[in-house]
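# A structural walkthrough
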Amino acid sequence: MTAQSTWDINPINRTIAATTFDTAVKMEPTKKSVRCSGESERAQNADTPANANATANSSTTQNADTTGLCALSSHTGRYKVVEKRSSFIATQPSTGKKQRINMLIRYPKNFPGKAPGILFMHGAGTFTTDDSFADLMTWYASAGYYTLNIDKPLWDTTAINRDYEASADAYLKALHFLRADPGVNPSKVGIYASSEAGWIFPVMLNKDKHIAFQVLMSTMSFSPRQALGYFVNADFSIVGAHPGYQGIVHRIFSLDYRFIDSTIADFDPYNTNSYAIPTFLAYGSKDVMTPQVDGAVKLMELARESHNSNYVIRNYPLANHVLRIGNERDGNTKLTDNFIRDILAWTTGVVKGEKQVNPHIAGEDIYQAIALPRSAHARPFFTGLLLTALVVFLVGFVVSLAFTLEIIIARLIRRLRGTEVQHLFVPGFGRALALLSLATVGALALFGSGLAEVISAVVYLDWGAAPPKDPESLWNSWENSQILGLILLAAWAVFFAALLETAMRHGHLPHLWAIVTRQRSRFEQRRFAKLQAWLAQRNMVIRPVEEAAKREHNKERHTQLDDSSDDDPRFEEGPIACLNRTGFWYALLVIVTMVAILVLFALLGIYIW
């Protein structure tokens, strides 16, 4: 049985061909670009700080801003890097909560004039100033830039209720701090945004029209529902998971998250302002988390609408989502070759007012296996249906637990007082409940192990590892879960039949026998009804006869029992044996069953709708 996709994943296998494999960026001066005296000299002696200072001071007409721009290097390591720290308080407007944001600034020592600056913005995670962007900040600073890294603005938010508007305000506050530094040229300050920051920088550009440039690394270019839906669905396909697992992804990303007061799923801040400034977009060819073709097309369309032709798209071979080579799980991975060279050459040319003269798109061809799930949307009705089912089963679990505990206590008290103990359930109910418990726990265990294996393969893939060579187990685990699910349905049928018989014996359903026998033709109109009717008759006719024969046999071996009693003589062994026989194991089975059912029906409910 193959799960049907509710998303349109066509067209598939789209490619944007790169004009050249060489990712190098070439910038040339224009009439409006900064003119530095001794340009040829500086090009020949670009690696020595002494010559840089001499070049910058060679023209008395240059002001501090021009002097700083002319002192920039197109290579790393030109200046010694020093650092300083500060902090500020960021307030989340929606809640009033505050977070102290630490700031780390790395800058070139003894830099002549005022330097351009760049603010680094975090991707997904809980990053601080000390565990991110260390190499990039040092390289930029050694070339003549002031670099600023801050703690990620989080407050008490989680992945499902991020406040990107408030995060943008916090980053803008840091940006203003960087501009106010005496060593910084405030008109030449840009941003470096990574991954999740793709939902933040457009908000900043809507509020601040003075950001000079932006370097975007594998940024998310669509709403979280679409971007993350693509990411998980594409990864499940790449590792070879059964389409049924993809169906679960579809249902999860079709939930209406407003019931937990979260509107993040459909947050899409992109407009013509998003790419109205000079933009460098970098992808890695091994990045399986972003819809690169759709992202590149969106950049080009919005840039054209805003009349911006100053953009660069580079796709680096063998690089992962964070543009590093190798498996992130192994640690100590390095940035892909030429990336720092390219972004440094580009940003230096941009702040000087120079123009890019080589192709917009270069590197490896940009490839996308499946389409962005643009049809993904919130489904309030089915979300409400799922929540109702969860509430019903939760209430059922609590009631069953309380009912079972009451049985245990009541029977123990009766037995200790010497009062006659009676069966509450019909004979064989324990076996039905045991079968149901085992089938439920088994189905959950098999499904959980299969899903965990798929998730593990996806995580390794995202870290940069190759997809599994033999994904057969990722496919078969779903089919095995379906087979066990059929067994689970049969166990439920037996269990409900035992419940119906119990209700009839206690007078709660006095006409059940008439319904089953006299109106059987109505039930037989449907196959499931036939099965239920047969199970009910078996439990009400065949099993009582068997139990009656057992009671006659027990009369010969034990003391006389009342004909109306269904007591097992083993209850006479004592109160502990009575507890074990009548209550404890039933209680344990009920508790295990209800917990397993609660989880199972949540998963099945998500999949079925």
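Refer to the structure presented above.
Just so it is clear, the structure is predicted and the values come from calculations on it, not from any experiment.

## Describing helix 8 (residues 243–252)
- Taken across its 10 residues, helix 8 has 8 buried, putting it largely inside the fold.
- Within helix 8, burial applies to Gly244, Tyr245, Gln246, Gly247, Ile248, Val249, His250 and Arg251.

## Observations concerning the pattern of salt bridges
- Counted according to the given criterion, the structure contains 18 salt bridges.
- Arg85 serves as the salt-bridge partner of Asp130, at 2.9 Å between the closest nitrogen and oxygen. Residue Asp130 is located in the loop between strand 5 (115–121) and helix 4 (134–142), and its partner Arg85 is located in strand 3 (residues 81–91); the two are separated by 45 residues in the primary sequence.
- Taking relative accessible area as the criterion, Asp130 reaches 59% and is therefore assigned exposed.
- In this structure, Lys152 engages Glu196 in a salt bridge whose closest nitrogen and oxygen atoms are separated by 2.6 Å. Residue Lys152 is located in the loop between strand 6 (146–150) and helix 5 (164–179), and its partner Glu196 is located in the loop between strand 7 (184–194) and helix 6 (201–207); the two are separated by 44 residues in the primary sequence.
- A network of salt bridges, in which partner residues are shared, links Glu83, Arg85, Arg106 and Asp130.

## Re the sheet that holds strand 10 (residues 311–316)
- Spatial strand order, 3-4-6-5-7-8-9-10-14: 9 strands in an open sheet with mixed pairing. The open sheet terminates on both sides in strands that have one partner only, identified here as strand 3 and strand 14 (361–363). Put simply, the sheet's adjacent strands are angled 20° from each other on average, direction ignored.
- One ladder, built from 4 bridges, connects strand 8 (residues 214–217) with strand 9 (residues 279–284); its direction is parallel. Looking at the pairing, Gln214 lines up with Thr279 of strand 9.
- Lying on the sheet, helix 9 (residues 292–305) is in contact with strand 9, strand 10 and strand 14; it crosses strand 10 at an angle near 170°.

## Overview of helix 9
- For helix 9, which comprises 14 residues, the first-to-last C-alpha distance of 20 Å matches the rise-based estimate of 20 Å (1.5 Å per residue) to within 8%.
- Helix 9 sits mainly inside the fold: 10 of its 14 residues count as buried.
- Those residues of helix 9 that fall on the buried side of the exposure criterion are Gln292, Val293, Asp294, Gly295, Ala296, Lys298, Leu299, Met300, Leu302 and Ala303.
- If you follow the buried residues of helix 9, they end up packed against strand 1 (14–16), strand 9, strand 10, strand 14 and strand 15 (366–368).

## Regarding the nonpolar core
- Met121, Tyr192, Met204, Phe280 and Phe339 are the most contacted members of the largest nonpolar core, which totals 91 residues.
- Membership of the second largest hydrophobic core comes to 18 residues, among which are Phe231, Ala241, Met289 and Leu474.

## Brief notes about the state of the cysteines
- Within this structure, the stated rule accounts for 1 disulfide.
- Across the disulfide from Cys36 sits Cys70; the S-S distance is 1.9 Å. Its S-S torsion of approximately -90° makes the covalent link between Cys36 and Cys70 left-handed. Of this pair, Cys36 sits in the loop between strand 2 (27–28) and helix 1 (39–44) while Cys70 sits in helix 3 (residues 64–70), and the two are 34 residues apart along the sequence. Summarising the burial analysis for this pair, Cys36 and Cys70 share the class buried.

## Brief notes about unusual backbone geometry
- Although it is not a glycine, Ser195 sits at a positive phi angle of roughly 50°.
- Checked against the element boundaries, Ser195 lands in the loop between strand 7 and helix 6.
- You can call Ser195 buried: its relative accessible area is 9%.
- Even without glycine at this site, Leu318 takes up a positive phi of about 70°.
- Along the chain, Leu318 turns up in the loop between strand 10 and strand 11 (324–325).

## Side note on the packing of aromatic side chains
- Inspection of every chain in the model, using the stated rule, returns 18 aromatic pairs.
- Consider the rings of Phe120 and Phe133, whose centres lie 5.1 Å apart with planes at 35°: the pair is tilted. Note that Phe120 is positioned in strand 5 and Phe133 in the loop between strand 5 and helix 4, a separation of 13 residues in sequence. The pair formed by Phe120 and Phe133 is uniform in burial state, with each residue classed as buried.
- A centroid spacing of 6.2 Å and a plane angle of 65° characterise the contact between Phe447 and Trp478, whose relative ring orientation is edge-to-face. You can see Phe447 sitting in helix 12 (residues 429–463) and its partner Trp478 sitting in helix 13 (residues 472–505), a full 31 residues away along the chain. For the pair shown, Phe447 and Trp478 are each scored as buried.
- The structure contains a cluster of three or more aromatic residues connected by ring pairs, namely Phe120, Phe133, Tyr140, Tyr145 and Tyr192.

What counts and how
Residues numbered from 1 in each chain as written. Predicted model: local features only at pLDDT ≥ 70, side-chain atom pairs only at ≥ 80, totals over all residues. Heavy atoms only, no water. Buried < 20%, exposed > 50% of the residue type's maximum accessible area, 1.4 Å probe, protein only. Helix = DSSP H or I, 4+ residues; strand = E, 2+ residues; numbered from the N terminus. Salt bridge = Lys/Arg side-chain N within 4 Å of Asp/Glu carboxyl O. Pairing = 2+ DSSP bridges. Axes fitted to C-alpha atoms, helices over the stretch in contact; angles between N-to-C directions. Contact = heavy atoms within 4.5 Å. Expected span 1.5 Å × (residues − 1). Core = buried A, V, L, I, M, F, W, Y, C linked by side-chain atoms within 4.5 Å. Disulfide = S-S within 2.5 Å. Phe/Tyr/Trp six-rings, centres within 6.5 Å; stacked < 30°, edge-to-face > 60°.

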